[in-house]
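# Descriptive structure summary
Here is what each chain is made of, one letter per residue.
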Amino acid sequence: MSSAPTVPDVGRPPGAREIPTIRRKDGIGGALAFRNDQLHFLGAGLDRYGDIFRFRPLGIPIVLVNHPDYIRHILVEKGESYDKDAMLFRVVRPVLRKGLIANADMELWRRQRRMMAPHFTPRTVSHFARNMTDETAQMLQRWERREGQVLDVTDEIGQLALRIVNRSLFSAEVGRTAQAFERAFQTANAILGAFFRFPFPPLNFPTPRNRKLHRAIDDMDTFVSDFIQARLRADVPAGDEADLLTLLLHTVDEEDGKGMDLEQLHHEVLNICIGAYETTTNTLSWAFYLLARHPEVEAKLHAEVDAVLGERSIPSFEDLPRLTYTRMVIDETLRIYSPAYQFMRRAREEDVVDGYRVPANTNVLINSYFLHRHPDFWEDPESFVPERFTPEAIAARPKHVYTPFGAGHRICIGKHFALTELVLVLSTVARRYRLALPEATPEVHPQALITLHPEGGIHLRLEERR
Ligand code: HEM
């Protein structure tokens, strides 16, 4: 992969160069090549042009940017000049609607974020830590009868992640409805992932694919509205022990003293379920897979977990500052297999990035899969090396070359929730079990849907640690 100038001249006044565009003669292909293998297509573009290039699937102009200075410029310094009225978010909006994730209305988004942010701080998240460890302990109990068996880890962790988010959101145990939600989400993820790569026919045409998508959206809506309706009937006051749904029901905006209407609440709850479920599931699945393939890393993880927990089998929120290697394992997993591996912005007005002219309305694609492998910043990027995330190593790198949670004002609101859950679940499982590679396991490849999914799921053998 060739690289951009080492010190990009970000924000240089116009007079500007044109962004290189993939052409037929490059041999990289066009819309069909992008549809068939998105990661291969983008990787070939980076090899050919370096850190910024344009391509036009079905005539839609998309610019990929792959340098930390470009990312800082677009997401942070000029964050207000780039919004989410971008193609990728238009694709997922039929599912996510007016919730935070894909909301392109800056004013509505700002109000919603202002109201919701206080419920996602590290201190608030600490109230949910018990949900995370209790649910994990129950999963380990269910695993007791399954020692020696090969587990569908992605499915097991998927159920766990949904149980955790549902207890935190709704104080509810989830039964079979959770499986319906999971199935519906996977359907929508696959259909919209393919639609992003080849946006035809439009989603409102009555094709079998689109009917399937709309049934999946209906199923996810039913899951959310059943909980909301039950809560409204119960009329729970907002106290210290309140779950997120009660907190959101009672939240008012500091500027106008009003809360959010029920439709908006529905969208936000659905966005939280979707934001929290597959991302954490995939991260933990990949973490167990990487640990199974790297016994030397696994041994260090076990040593830390044993030393921090001593006689205890379950960690607590207060243990987190000492579970530093566990956190490094998570950080490195999020580097290699960043679940929300791509996001997009639309340039609201013409801009200049490192001397390149970015016309108004350009879709700017940020792809963490490639950013997290950029050879100028990551040595031997395919290797699993948690030591890349010691405080010294982090300080020696530009901040915006690592974006598993995005950056700037649209950074993931659930980042603290996710990191707390990831470290607590991983350390609870690692205290008691290891998940080993069954004989002759083929390499698992990432599948580029809307999220980065382990193709075929992760299957590992459950072994009790002696
Ligand atoms: C490993 C876990 C997670 C990863 C990798 C992840 C990743 C991301 C990324 C990259 C974005 C920003 C997208 C952009 O800038 O366009 C984002 C936004 C968001 N995430 Fe997460 N996320 C995770 C977990 C969670 C959890 C646990 C929740 C909820 C509890 C959540 C809720 C959201 C919401 C609501 C947004 C939209 C924020 C806004 O625009 O104001 N995420 N996430």
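Bear in mind that the values here come from a model prediction, so they are computed numbers and not experimental data.

## Points about the overall build of the chain
Per the secondary structure count, the chain includes 17 helices and 12 strands. Over its C-alpha atoms the chain spans a radius of gyration of 22 Å, differing by no more than 12% from the 23 Å that the globule rule assigns to 466 residues. Relative to its full complement of 466 residues, the chain shows a buried share of 56%. Considering only residue pairs separated by 6 or more positions, the chain has 75% of its internal contacts joining residues 24 or more positions apart. For the chain, the exposed area adds up to about 19,700 Å²; of that, 52% sits on carbon and sulfur atoms. Charged side chains in the chain number 59 positive and 63 negative. The centres of these two groups are separated by 4 Å.

## Considering the site of the ligand
Near the ligand there are 28 residues, and of these Trp109, Arg113, Arg345, Arg410 and Cys412 occur at the shortest range. Taking Arg345, its side chain carries an N or O atom lying 2.7 Å from an oxygen atom of the ligand. One of the side-chain nitrogen or oxygen atoms of Arg410 is found 2.8 Å away from an oxygen atom of the ligand. Put simply, the parts of the chain that give the shell around the ligand at least two residues each are helix H5 (106–116), helix H12 (262–293), strand S5 (342–347) and helix H17 (415–432). At six residues, the largest contribution of residues to the shell around the ligand is made by H12. When the residues that make up the shell around the ligand are grouped by side-chain class, the tally is 18 nonpolar, six polar and four charged.

## Comments concerning the pairing of strand S8 (residues 363–367)
For S8, a buried count of five out of five residues is recorded, marking the element as mostly surrounded by other parts of the structure. Taken together, the four bridges between strand S2 (residues 62–65) and S8 define a ladder with parallel strand orientation. Bridging from a neighbouring strand, Leu64 pairs with Leu365 of S8. Bridge analysis of S5 against S8 gives five bridges, and the strand direction is antiparallel. Across the sheet, Arg345 pairs through a bridge with Val364, a residue of S8.

## A look at the packing of H5 against H12
Where H5 meets H12, the axes come as close as 13 Å, and the angle between the chain directions of the two elements is 70°. With respect to H12, the axis of H5 lies roughly perpendicular. In the packing of H5 onto H12, the handedness of the crossing is right-handed. Where H5 abuts H12, its residues Leu108, Gln112 and Met116 lie against Gln264, Glu268 and Ile272. A breakdown of the residues in the contact of H5 with H12 according to their chemical character gives three nonpolar, two polar and one charged.

## A closer look at the packing of aromatic side chains
Pairs of aromatic rings are described using the distance from one ring centre to the other and the angle between the two planes. For the structure on display, the rule yields 19 aromatic pairs. Aromatic side chains Phe34 and Phe41 sit 5.5 Å apart centroid to centroid with 65° between the ring planes, which places their arrangement in the edge-to-face category. Look at Phe34 and you get buried, because its relative accessible area is 0%. The interplanar angle of 50° and the centroid separation of 6.0 Å between the aromatic rings of Phe128 and Phe417 together place this pair among those described as tilted.

## Quick word on the pattern of salt bridges
The full count for this structure, using the stated rule, is 36 salt bridges. The residue Arg346 makes a salt bridge to Asp83 at a minimum N-O spacing of 2.7 Å. Of this pair, Arg346 sits in strand S5 while Asp83 sits in strand S3 (residues 82–83); the two residues are 263 residues apart in sequence, bridging distant segments of the chain. Residues Arg346 and Asp83 agree in their burial class; the two are buried. The residue Asp243 makes a salt bridge to Arg231 at a minimum N-O spacing of 2.8 Å. Placement of the pair is Asp243 in the loop between helix H10 (208–234) and helix H11 (244–250) and Arg231 in helix H10, with a sequence separation of 12 residues.

## Some thoughts on the side chain of Asn103
Among the structural elements, Asn103 can be located in the loop between helix H4 (87–96) and H5. Judged by relative accessible area, Asn103 falls into the buried class, the value being 5%. Engagement of the side chain of Asn103 in a polar contact is seen with the backbone nitrogen of Asp105, the distance being 2.7 Å. With residues near it in sequence (within four places) discarded, Asn103 still touches Lys84, Lys98, Leu108, Trp109 and Arg410.

## Here's the deal with the confidence of the model for the chain
The predicted model of the chain has a mean per-residue pLDDT of 92, with 95% of residues at 70 or higher. In the model, residues 1–6 has pLDDT below 50 throughout and makes 20 contacts with residues more than four positions away in sequence or in other chains.

Parameters at a glance
Residues numbered from 1 in each chain as written. Predicted model: local features only at pLDDT ≥ 70, side-chain atom pairs only at ≥ 80, totals over all residues. Heavy atoms only, no water. Helix = DSSP H or I, 4+ residues; strand = E, 2+ residues; numbered from the N terminus. Rg over C-alpha atoms; globule rule 2.2 N^0.38 Å. Buried < 20%, exposed > 50% of the residue type's maximum accessible area, 1.4 Å probe, protein only. Contact = heavy atoms within 4.5 Å. Areas by Shrake-Rupley, 256 points an atom, 1.4 Å probe, with all protein chains shown as cover. Lys, Arg positive; Asp, Glu negative; His and termini not counted. Charge placed at Lys NZ, Arg CZ, Asp CG, Glu CD. Near = heavy atom within 4 Å. Polar contact = N/O pair within 3.5 Å; in protein donor to acceptor, adjacent residues only side chain to side chain. Nonpolar A, V, L, I, M, F, W, Y, C, P; charged D, E, K, R; others polar. Pairing = 2+ DSSP bridges. Axes fitted to C-alpha atoms, helices over the stretch in contact; angles between N-to-C directions. Parallel < 35°, antiparallel > 145°, perpendicular 65-115°, else oblique. Left-handed = near helix turned anticlockwise from the far one by under 90°. Phe/Tyr/Trp six-rings, centres within 6.5 Å; stacked < 30°, edge-to-face > 60°. Salt bridge = Lys/Arg side-chain N within 4 Å of Asp/Glu carboxyl O. pLDDT = per-residue confidence, 0-100.

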